[in-house]
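Fold and geometry: a report
One-letter residues, chain by chain:
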Amino acid sequence: MAEKLLVLSDMWGVKKGLWITSYFGYLQQYYDIQFIDCQQLANIDELVNTEENLHKAFVDGGIDTAVAHLLKKNIGPCHVLAFSTGGTIAWKAGLKGFSMKSLTAVSATRIRFENERPDNEIDLIYGECDEFKPGMKWAKEVGVDLNVISNFGHELYSDEKIIADVCMELLGKVTRKAV
């Protein structure tokens, strides 16, 4: 039976997420994938979908709403692949008991404000030029490693080379066990 993989979108959800299909192309053969649109999870229905409006909606309660809704879902132990705001939601849910076998968070935006880490395998990936990336001091204090990729910014997760690299790491989690 395939391992479960929960995929959490960035703040744009499906509205600007055509890149997400590339991840599914690599992973759907080896994982039982469940995708969650973070806007829907947070009950955000912005009439004017600007970056500022969405960011404000998530910061002003949307992240907490999404975490509460994620905790209510009966997903069971799973691997999590999360992007930007989705990484923050997964991190916070993990701190509240959401059962993750591993968390791969690409460009997780607000975890730099956290003082604790979820108790599972964590892979944090950031672009070198990502203004939201946590510092090395924070990483050491929290007990995580940062995988920082040169010459990329915040939306590195939509680049085909990064997509392939992230997917190969995730595929390694299930194919190594099978051998």
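Residues numbered from 1 in each chain as written. Predicted model: local features only at pLDDT ≥ 70, side-chain atom pairs only at ≥ 80, totals over all residues. Heavy atoms only, no water.

1. Let's talk about unusual backbone geometry
Note the threshold: Working definition: helices are DSSP H or I runs of at least four residues, strands are E runs of at least two. Numbering for both runs from the N terminus. The classification of residues rests on relative accessible area computed with a 1.4 Å probe and restricted to protein chains. Under 20% of the type maximum is buried, over 50% is exposed, and intermediate values are partly exposed.
Positive phi, normally seen in glycine, also occurs at Ser-84, with a value near 55 degrees. In this fold, Ser-84 is placed in the loop between β3 (78-83) and α4 (85-95). The residue Ser-107 is not glycine, and still its phi comes out positive at about 60 degrees. For Ser-107, a relative accessible area of 0% puts it in the buried group.

2. Focus: the nonpolar core
This is how the line gets drawn: Only buried residues count toward a nonpolar core. Its members are Ala, Val, Leu, Ile, Met, Phe, Trp, Tyr and Cys residues joined through side-chain atoms within 4.5 Å. In what follows, a contact means two residues having at least one pair of non-hydrogen atoms within 4.5 Å.
Counting 38 residues, the largest nonpolar core has Leu-8, Leu-70, Val-80 and Leu-124 as the members making the most contacts within it. Per-element accounting of this core gives the leading share, 7 residues, to helix α3 (residues 51-72). With residues up to four places along the chain from it excluded, the contact list for Leu-8 reads Ile-36, Cys-38, Leu-41, Leu-70, Val-80, Leu-81, Ala-82, Phe-83, Gly-86 and Ala-90. The next biggest cluster of nonpolar side chains, apart from the first, holds 21 residues, and it includes Val-7, Phe-83, Ile-163 and Leu-170.

3. Overview of the layout of surface pockets
Note the following rule: A cavity here means a set of points on a 1 Å grid, drawn over the protein atoms and nothing else, where a 1.4 Å probe fits but cannot get out; a pocket is an open set with protein on both sides within 12 Å along at least five of seven lines, and a residue lines either one if it has an atom within 4 Å of a point. Grid points are joined across faces, edges and corners, and a volume is the space filled by probe spheres set on the points. Asp, Glu, Lys and Arg are counted as charged, while Ala, Val, Leu, Ile, Met, Phe, Trp, Tyr, Cys and Pro are counted as nonpolar; the rest, among them Gly, fall into the polar class.
The volume enclosed by the largest pocket comes to roughly 320 Å³. Taken together, 19 residues form the lining of the largest pocket, with Met-11, Glu-51, Thr-109, Phe-132 and His-154 sitting closest to its centre. Per element, the largest residue contribution to the lining of the largest pocket is 6 residues, and it comes from α3. Residue composition of the lining of the largest pocket, by class: 7 nonpolar, 5 polar and 7 charged.

4. Quick notes on the pairing of strand β5 (residues 121-127)
Put simply, the rule is: Two strands qualify as a pair provided DSSP detects at least 2 bridges between them. Orienting the strands away from the viewer, one traces the path from the first strand over the helix to the second; a clockwise path indicates a right-handed crossover.
For β5, a buried count of 5 out of 7 residues is recorded, marking the element as mostly surrounded by other parts of the structure. Pairing between strand β4 (residues 100-106) and β5: 5 bridges, direction parallel. When the sheet's bridge partners are listed, Thr-104 is paired in β5 with Asp-123. Of the strand pairs in this sheet, β5 and strand β6 (residues 146-149) are connected by 4 bridges, and their pairing is parallel. Following the sheet pairing, Gly-127 is matched in β6 by Ile-149. After leaving β5, the chain enters helix α5 (residues 136-142) and then returns to the sheet as β6, a path that is right-handed.

5. What about the side chain of Gln-39?
The following threshold applies: Pairing of N or O atoms within 3.5 Å defines a polar contact, subject to two protein rules: one partner must be a possible hydrogen donor and the other a possible acceptor, and residues neighboring in sequence count only if both atoms are side-chain atoms.
With respect to the helices, strands and loops of the structure, Gln-39 is situated in helix α2 (residues 38-41). A distance of 3.3 Å separates the side chain of Gln-39 from the backbone oxygen of Trp-12, its partner in a polar contact. Ignoring any residue separated from it by four or fewer positions in sequence, one finds Gln-39 in contact with Met-11, Trp-12, Gly-13, Lys-15, Ile-44, Asn-49, Leu-54 and Phe-58.

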